[in-house]
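Notes for the structure review
Each chain, written out:
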Amino acid sequence: MPDTTPRKRQARGERRAASILDAAAEVFTEAGYERATTNAIAARAGISPGSLYQFFANKQAIAEALSERHIAALRAAHAAAFTDEASTLPVPQLVRQLARPIVEFNLANPSFQTLLADTGTPHASAKQPLHDALLARLDALFAARCADAPAAERHRHARVAVQLFTAMLPLVLAATEAERPAMITELEAVLVGYLQPLLD
């Protein structure tokens, strides 16, 4: 019978590391990156600081691992938004498909916005590449729908659409659970109002 102990140990270690990142996400959201400490993260994870250091050398290493997790989840949200059929959808349905996965990602990962705003975290260095990737996806989608539009015009529309979404997102995230569906509807209405004359 094969010895499964190393695999069990590895799985247990992965679960422990994941629980530390879950705890770190909560602490970073509540305290911000600068004020968060490894002691607070360990306490939230229910382990000793020594146990935490078996997995992560310091706060920066924790933030880097959390950044990798967030970026992977955000890329999955982008993939869910920008499907092959997106370029053929009516504008209201298109806006819903583009906006909802990214809104849901931000709601599920409040620490993402907290760390993105802090220039001392790995999220800050990832901000521009993520922004550029989103613009490129939008630009390709606009090109598929408006092949005759000049490239500079498409780029401008993509930048404005992203800026509108970015400006509205904090209102959605700050809304109460009861108010949030209405705020998401408002966000989508703003984007439809801007995009419909351009894409129809």
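Residues numbered from 1 in each chain as written. Predicted model: local features only at pLDDT ≥ 70, side-chain atom pairs only at ≥ 80, totals over all residues. Heavy atoms only, no water.

Below, the discussion takes up the packing of aromatic side chains. Given two aromatic rings, their pairing is described by the distance between the two centres and the angle made by the two planes. With the rule as written, the count across this model stands at two aromatic pairs. Relative to Tyr33, the ring of Phe28 lies with its centre 5.5 Å away and its plane at 45 degrees, an arrangement referred to as tilted. For the residue pair Phe28 and Tyr33, the accessibility class agrees, reading buried in each case. (Phe/Tyr/Trp six-rings, centres within 6.5 Å; stacked < 30°, edge-to-face > 60°. Buried < 20%, exposed > 50% of the residue type's maximum accessible area, 1.4 Å probe, protein only.)

Once that is clear, we can look at the nonpolar core. Nonpolar side chains tend to gather and get buried jointly when the protein is soluble and globular. If you look at the biggest cluster of nonpolar residues, it comprises 41 residues, and the most contacted ones within it are Leu138 and Phe165. The dominant element in this core, judged by the number of residues it contributes, is helix H5 (residues 91–108), at eight residues. Leu138 has contacts with Phe82, Leu98, Ala158, Ala161 and Val162, leaving out every residue within four places of it along the chain. Counting residues in each nonpolar core, the second largest holds 20 residues, with Ala23, Ala24, Phe56 and Ala63 among its members. (Core = buried A, V, L, I, M, F, W, Y, C linked by side-chain atoms within 4.5 Å. Helix = DSSP H or I, 4+ residues; strand = E, 2+ residues; numbered from the N terminus. Contact = heavy atoms within 4.5 Å.)

Attention shifts here to H5. End to end, H5 covers 26 Å across 18 residues, agreeing with the expected 26 Å (1.5 Å per residue, within 8%). Maximum bend of H5: about 25 degrees, positioned at Ala99, with proline Pro101 one to four residues after it. Listed as buried for H5 are Val91, Leu94, Val95, Gln97, Leu98, Ala99, Pro101, Ile102, Val103, Phe105 and Asn106. Buried positions along H5 lie against helix H4 (59–81), helix H6 (110–116), helix H7 (122–145), helix H8 (151–174) and helix H9 (180–199). (Expected span 1.5 Å × (residues − 1). Bend = angle between axes of the 7 residues up to and from the residue.)

Now for the layout of surface pockets. As a volume, the largest pocket reaches approximately 650 Å³. Lining of the largest pocket is provided by 27 residues; of these, His131, Leu134, Val162, Phe165 and Thr166 occupy positions nearest its centre. At the level of elements, H4, H5, H6, H7, H8 and H9 are the ones that each hand at least two residues to the lining of the largest pocket. When residues of the lining of the largest pocket are assigned to their parent elements, the largest contribution, eight residues, is made by H8. (1 Å grid on protein atoms, 1.4 Å probe; cavity = no way out; pocket = protein on both sides within 12 Å on 5 of 7 lines; lining within 4 Å. Points joined across faces, edges and corners; volume = space filled by probe spheres on them.)

Glancing now at the environment of Ala81. In this structure, Ala81 sits in helix H4. Accessibility expressed as a relative area gives 0% for Ala81, which makes it buried. Residues Ala81 and Thr121 lie 40 residues apart in sequence; the distance between their C-alpha atoms is 27 Å. Excluding its chain neighbours within four sequence positions, the residues that come into contact with Ala81 are Ala86, Gln97, Leu98 and Pro101.

Attention shifts here to the packing of H7 against H8. Remark: H7 packs on H8, axes separated minimally by 9 Å, with the N-to-C direction vectors making an angle of 125 degrees. With respect to H8, the axis of H7 lies oblique. The crossing of H7 and H8 is right-handed. Residues His131, Leu134, Leu135, Leu138, Asp139, Phe142 and Ala143 of H7 pack against Arg154, His155, His157, Ala158, Arg159, Ala161 and Val162 of H8. Its residues placed into classes, the contact of H7 with H8 shows eight nonpolar, three polar and three charged. (Axes fitted to C-alpha atoms, helices over the stretch in contact; angles between N-to-C directions. Parallel < 35°, antiparallel > 145°, perpendicular 65-115°, else oblique. Left-handed = near helix turned anticlockwise from the far one by under 90°. Nonpolar A, V, L, I, M, F, W, Y, C, P; charged D, E, K, R; others polar.)

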